[in-house]
Amino acid sequence: VNCQLNNATILSKRIEKIDNLNADICTARACAPLELLLSYMTKHVKPGGKAFFLKGKTIEDEIKIASKQSFAYNLHRSITNNDSMLVEITNLEHNL
């Protein structure tokens, strides 16, 4: 995945403690199950935005559990670990 970022801010804080970011893109690593990450995304990523989450072997199960929510995803194999995936989330339905 190739992203060109012109204006990026890295926050090293608990996501639960951060006010609404209205971000275009967010990412997380070893943070929470996908279902919970999607709820954070709904709060912090503007409609039309995307997220990239580093996940492990259980990603297919996490996608099934999270499928109660409407979203699209692409899986990208990690270049450093064959058991890991980068999950690209788009089109997350925001309940406004």
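Our subject is the structure listed above.
Residues numbered from 1 in each chain as written. Predicted model: local features only at pLDDT ≥ 70, side-chain atom pairs only at ≥ 80, totals over all residues. Heavy atoms only, no water.

Caption draft 1: Just helix α1 (residues 34–44), in detail. Of all the positions in α1, only L34, L37, L38, Y40, M41 and H44 are classed as buried. The arc enclosing the buried residues of α1, seen along the axis, measures out at 160 degrees, which places them on a common side. Packing partners of the buried residues in α1 comprise β1 (23–29), β2 (45–55), α2 (59–66) and β4 (85–90). (Buried < 20%, exposed > 50% of the residue type's maximum accessible area, 1.4 Å probe, protein only. Helix = DSSP H or I, 4+ residues; strand = E, 2+ residues; numbered from the N terminus. Arc of directions from axis to C-beta. Contact = heavy atoms within 4.5 Å.)

Caption draft 2: Representation of the sheet that holds strand β3 (residues 72–77) in the model. What the four strands build is an open sheet, ordered β1-β2-β4-β3; its pairing is mixed. The open sheet terminates on both sides in strands that have one partner only, identified here as β1 and β3. For this sheet, the mean inter-axis angle between neighbouring strands, taken without regard to orientation, is 15 degrees. Where β2 lies against β4, five bridges are found, and the strand directions are antiparallel. In the strand pairing of β4, L54 is matched with L86. Across the sheet, α1 touches β1, β2 and β4, and the angle it forms with β2 is around 150 degrees. (Pairing = 2+ DSSP bridges. Axes fitted to C-alpha atoms, helices over the stretch in contact; angles between N-to-C directions.)

Caption draft 3: Representation of the pairing of β1 in the model. One ladder, built from six bridges, connects β1 with β2; its direction is parallel. Across the sheet, A28 pairs through a bridge with F53, a residue of β2. Regarding the hand of the β-α-β motif, the stretch spanning β1, α1 and β2 is right-handed. (Right-handed = clockwise from strand over helix to strand, strands pointing away.)

Caption draft 4: Structural context of α2. Those residues of α2 not exposed but buried are I59, E62, I63 and A66. End-on, the buried residues of α2 take up no more than an arc of 100 degrees, which puts them together on one face. Of the surrounding secondary structure, the elements contacted by the buried residues of α2 are α1, β2, β3 and β4.

Caption draft 5: Examining the pattern of salt bridges more closely. In total, this model carries five salt bridges according to the counting rule given. K68 serves as the salt-bridge partner of E35, at 2.9 Å between the closest nitrogen and oxygen. One end of the pair, E35, is in helix α1; the other, K68, is in the loop between α2 and β3, with 33 residues separating them in the sequence. Classification of E35 as partly exposed rests on a relative accessible area of 31%. (Salt bridge = Lys/Arg side-chain N within 4 Å of Asp/Glu carboxyl O.)

Read these as geometric descriptors, not functional statements.
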